[in-house]
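Structural overview
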Amino acid sequence: MAGDGAARVMAQADVTRLWDPVRVLTAAAPTVRITEPGRTPLHLVIRRPVDIGRDCDGLLLGDAELSRRHLRLSESGGRVTVQDLGSTNGTSIDGAPVVGPTGVMAGQVVTFGRCRLELVPTGEHGAGAGALSDPRVETSIDVVAAAAAADPSSAASVISGGGTLTIVFSDIEASTRRGADLGDEAWMQLLTFHNSLVRRHVERSGGIEIKAQGDGFMLAFTSARAAVTCSIEIMRALEAHGRSHPTDALRIRIGMHTGEAIVEDGDLFGRPVVLAARIANQARGGEILVPVPPAE
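It should be emphasised that the depicted structure is a prediction, and the values quoted were computed from it without experimental measurement. (Residues numbered from 1 in each chain as written. Predicted model: local features only at pLDDT ≥ 70, side-chain atom pairs only at ≥ 80, totals over all residues. Heavy atoms only, no water.)

The residue Asp 84 is located in strand S7 (residues 79–84) in this model. One buried charge, Asp 84, has no salt-bridge partner; the nearest side chain with opposite charge is Arg 69, at 9.5 Å. There is a polar contact of 3.0 Å between the side chain of Asp 84 and the backbone nitrogen of Gly 86. Within the structure, Asp 84 has its side chain in polar contact with the side chain of Thr 91 (distance 2.6 Å). (Helix = DSSP H or I, 4+ residues; strand = E, 2+ residues; numbered from the N terminus. Buried < 20%, exposed > 50% of the residue type's maximum accessible area, 1.4 Å probe, protein only. Lys, Arg positive; Asp, Glu negative; His and termini not counted. Salt bridge = Lys/Arg side-chain N within 4 Å of Asp/Glu carboxyl O. Polar contact = N/O pair within 3.5 Å; in protein donor to acceptor, adjacent residues only side chain to side chain.)

Next up, the structure:
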């Protein structure tokens, strides 16, 4: 849902299968780059078998030419193997059809649907401590979700009685790169403006700030309508500010999920918070992703 109110909606069945963000890189785990038309390339560390397709228990991609379960990636001894899972359009490596589990070598291109997959050279993606701060590994949404989970008391007063809440996550698109381009002082001024604007609209809409880390927010609303309306108003306010202050233009991404809110054994919200964070991580700058039930 962009600032003009247009929607990009994900079906509930798809949302529950979104791939968990990769948090830790190790030198032994190979990394692949997956390029989907119109989307930012995705870097995925392969530590265990993972299925890829339009509707599977692994990595979901939106390419309509992919099958529900298109291919499987696995790792053995630092090498990546690709296996086609009986897809309609097939999988190929450098133009040769994949007919069984096949190793992928450096420089080769795996084509499936309109997507491409390549191995990432070790030096390019980085390893060790430096990789832990790589924005492709952990986003501001991941950071604020982890902080909230580590401190359930931050939300205990909000949901002490339980009940249904809409959980919202947001962050600034490419914030790490933007901060580096602007410099510390200018970035902190822009970040302060962004955070104040978000808080002002959340308070006005009756929402509650559960946790904030840097440019990432975790919010809660007792009304799904209020959550959506607030998100649209924040987008529109930032767009208006960007038109009058082009050098300060910001694009944020927002995702949300509605569910039964509980705090139990230190686990904050359980399923709703996990799904809301995953949905937000699928959004592009200028989008609000809202799950809807699948058509019956």
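Back to the write-up after that little detour.
As a further point, take the nonpolar core. With 25 residues, the main nonpolar core has Val 168, Phe 221, Ile 234, Ile 252, Ile 254, Met 256 and Ile 288 as its most contacted residues. Only strand S13 (164–172), helix H7 (184–204), strand S15 (216–221), helix H8 (224–244), strand S16 (252–260) and strand S19 (288–292) provide two or more residues apiece to this core. Considering every element that reaches this core, the biggest residue donor is H8, with eight residues. Not counting residues up to four positions away in its chain, the partners in contact with Ile 254 are Val 168, Phe 169, Ser 170, Ser 231, Met 235, Ala 280, Ala 283, Glu 287, Ile 288 and Leu 289. Among the nonpolar cores identified, the runner-up in size contains 20 residues, and Leu 73, Val 82, Val 98 and Phe 112 belong to it. (Core = buried A, V, L, I, M, F, W, Y, C linked by side-chain atoms within 4.5 Å. Contact = heavy atoms within 4.5 Å.)

Here the focus is unusual backbone geometry. Most peptide bonds adopt trans geometry, and most residues besides glycine take a negative phi value. We note that Asp 94 has phi near 50 degrees; this positive angle belongs to a residue other than glycine. Looking at the element boundaries, Asp 94 is found in the loop between strand S8 (91–93) and strand S9 (96–97). At Ala 174, a residue that is not glycine, the phi angle is positive and equals roughly 55 degrees. Relative to the helices and strands, Ala 174 is located in the loop between S13 and helix H6 (175–182). Its relative accessible area of 32% is what places Ala 174 among the partly exposed residues.

The five strands lie next to each other as S5-S4-S6-S7-S10, forming an open sheet whose pairing is mixed. With one partner strand each, in any of the chains shown, strand S5 (59–60) and strand S10 (102–104) form the two edges of the open sheet. In this structure, S7 lies alongside S10, joined through three bridges in antiparallel fashion. Note on S10: the bridge partner recorded for Thr 81 is Gly 103. (Pairing = 2+ DSSP bridges.)

It is worth stressing that arrangement in space is one thing and function is another; only the former is reported here.
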